[in-house]
Amino acid sequence: MFKTDDTLVKVCMFLAGLIFFLYGTVMMFNYDFMIDRYPTFEDNLTTEFFLNWFGAVAFVAYVGILYMGFKGLDRGFFVYALPLVLLQIVWIYMNMQMTGENNMTGMFAWILLFALLVVARLRSGFSFSYEKAGSPFGVTDKPTQIMGYLAIAISAFNIIGYVIDPGGFIEQSPLLESNPQAEHSVLGITMINVCILISLLYQFRVGLSGVLVTMGVVAATMFLCGMLVGTVTFPDGGNPLLALFIVLNFIILTTIFFRNQSNF
Amino acid sequence: MIKVEDTISRVIICFLIILFLFYGFMFVDNEPATAFAERIGANASEVDREHLLLFANLGWVYITFAIAFAACLLAPIEQSTIFFRMMLVGSFITAIRNILIYIGDNGGDNPVPMIASIVVFILINVLYNRAGMRIGTTF
């Protein structure tokens, strides 16, 4: 498993996968549990929307660990996951300061997760110097490179969009209610976007990473299906810009995946 | 990574993954499941907790099928024979059932589930043919 003989790495990755899986499935499919556990969460569609989003991100990280379980460890995963978990810890801390929430379970779980990933990364033996590939994204295939540039542009656009107008995302989404916690959730999504941008720039320099592309295509498929369900459930309540990004994201990632999957 | 070599089969499997995930996600959540029930002619007030639980169970079956199709994409096609045969029989029964429901006395509000089930049956037939699984004596 993980194509390593180091038992500690295997244990760390297994436990990290378990935590990601637990949070992913609970936040996506049993958000009532989360709402019950956190009294400051309002029981409404806005909370449900953001819990689903964060749950999907955690579940996709679990998919990455599952992938590496079969294919072997990939340092690209850590380039994405370590900043992600670290920023989520910062985000949870900020949320606790803002709401006065004193439920420390999430905070402890994510600190443990960070420690597990750090140990696995340090013991995996991968170099910390990231050599430049011969061509952008390590491929000579033009469509893949163009899609990679587009993905970087979209990711940067989302981050810049948040910096310019932090409340814009909620204002453009008719079904979401604007409140401090929802606005804080948008900050959390922006932090996730920062990690996605880091992973894209890593791939631009070092070459495509099988685990990151596979995680991306799983995420894009889940978000596309979620968007389609949202479209038929609330026909008049969607955010057109978000829908455009989800569809574009799906096209970009499936193109990259199917043009390069034989190398993974 | 993908072991299925035929491009059309790949496209069909990917489409089925999205279709099954779409229905799966719709059924596991209360609001989309209620909206679906309304669209097929049920009164929203008649959809109670037990109905939603049954919807969610069905949704998980759909998600499981989506995962199974993804697994088929990653394995040599001949290893998926039994699963495709099961899906062929299952989609045939579902399609016939949905047609009968649609033309029945209380049906006819929304043809989309019937069309979707017929499309799935046709696609799995194409998949089954292209994979050369129809050759044999057992089925």
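Residues numbered from 1 in each chain as written. Chains lettered and ligands numbered in written order. Predicted model: local features only at pLDDT ≥ 70, side-chain atom pairs only at ≥ 80, totals over all residues. Heavy atoms only, no water.

Draft legend 1. A look at the interface of chain B and chain A. Contact residues are listed per partner, giving 17 residues for chain B and 23 residues for chain A. Both sides of the chain B and chain A interface together cover about 1,700 Å² of buried area, and 75% of this is carbon and sulfur. Put simply, chain B and chain A have zero salt bridges between them. Of all the elements, helix α1 (residues 7-28) of chain B adds the most residues to the side of chain B that touches chain A, at eight residues. Along the lines of polarity and charge, the residues of the side of chain B that touches chain A split into 13 nonpolar, no polar and four charged. (Contact = heavy atoms within 4.5 Å. Buried area = accessible area lost by both parts, 1.4 Å probe. Salt bridge = Lys/Arg side-chain N within 4 Å of Asp/Glu carboxyl O. Helix = DSSP H or I, 4+ residues; strand = E, 2+ residues; numbered from the N terminus. Nonpolar A, V, L, I, M, F, W, Y, C, P; charged D, E, K, R; others polar.)

Draft legend 2. Structural detail: the environment of I63 of chain B. As for its placement among the helices and strands, I63 of chain B is situated in helix α3 (residues 49-73). By relative accessible area, I63 of chain B is classed as buried at 6%. A C-alpha to C-alpha distance of 7.5 Å links I63 of chain B and F25 of chain B, two positions 38 residues apart in sequence. Not counting residues up to four positions away in its chain, the partners in contact with I63 of chain B are F29 of chain A together with F20, L21, G24, F25 and V28 of chain B. (Buried < 20%, exposed > 50% of the residue type's maximum accessible area, 1.4 Å probe, protein only.)

Draft legend 3. Focus on the environment of G226 of chain A. Residues and elements named next belong to chain A. Note that G226 resides in helix α9 (residues 210-233). Overall, G226 belongs to the partly exposed group, its relative accessible area being 36%. Between the C-alpha atom of G226 and that of I246, which follows or precedes it by 20 residues, the distance is 9.8 Å.

Draft legend 4. Local environment of the environment of G237 of chain A. Residues and elements named next belong to chain A. Mapped onto the elements, G237 comes out in the loop between α9 and α10 (240-260). Note on G237: relative accessible area 13%, which makes it buried. Residues G237 and L175, 62 residues apart in the sequence, show an inter-C-alpha distance of 5.6 Å. If we skip the residues at most four places from it in the chain, G237 touches P174 and L175.

Draft legend 5. Representation of empty space enclosed by the protein within the structure. Residue and element names in this part refer to chain A. Within this structure, the stated rule accounts for one cavity of 30 Å³ or more. Volume-wise, the largest cavity comes out at about 510 Å³. What lines the largest cavity is a set of 32 residues, among which M27, F41, L51, W91 and N95 lie closest to the centre. If you list the elements that add at least two residues to the lining of the largest cavity, you get α1 (7-29), α3 (45-71), α4 (75-99), α5 (105-124) and α8 (180-206). (1 Å grid on protein atoms, 1.4 Å probe; cavity = no way out; pocket = protein on both sides within 12 Å on 5 of 7 lines; lining within 4 Å. Points joined across faces, edges and corners; volume = space filled by probe spheres on them.)

Draft legend 6. Summary view of the packing of α9 of chain A against α1 of chain B. At a closest axis distance of 9 Å, the pairing of α9 of chain A and α1 of chain B adopts a crossing angle of 55°. Classified by the interaxial angle, the pair formed by α9 of chain A and α1 of chain B is oblique. With respect to the hand of their crossing, α9 of chain A and α1 of chain B are arranged in right-handed fashion. Two secondary-structure elements touch here, α9 of chain A through T221, M222, L224, C225, G226, L228, V229 and V232 of chain A and α1 of chain B through I18, L21, F22, F25 and M26 of chain B. Taken together, the residues of the contact of α9 of chain A with α1 of chain B break down into 11 nonpolar, two polar and no charged. (Axes fitted to C-alpha atoms, helices over the stretch in contact; angles between N-to-C directions. Parallel < 35°, antiparallel > 145°, perpendicular 65-115°, else oblique. Left-handed = near helix turned anticlockwise from the far one by under 90°.)

Draft legend 7. Representation of the confidence of the model for chain B within the structure. Per-residue pLDDT for chain B averages 89, and the proportion of residues at 70 or more is 95%. In the model output, the complex is listed with pTM 0.88 alongside ipTM 0.80. (pLDDT = per-residue confidence, 0-100.)

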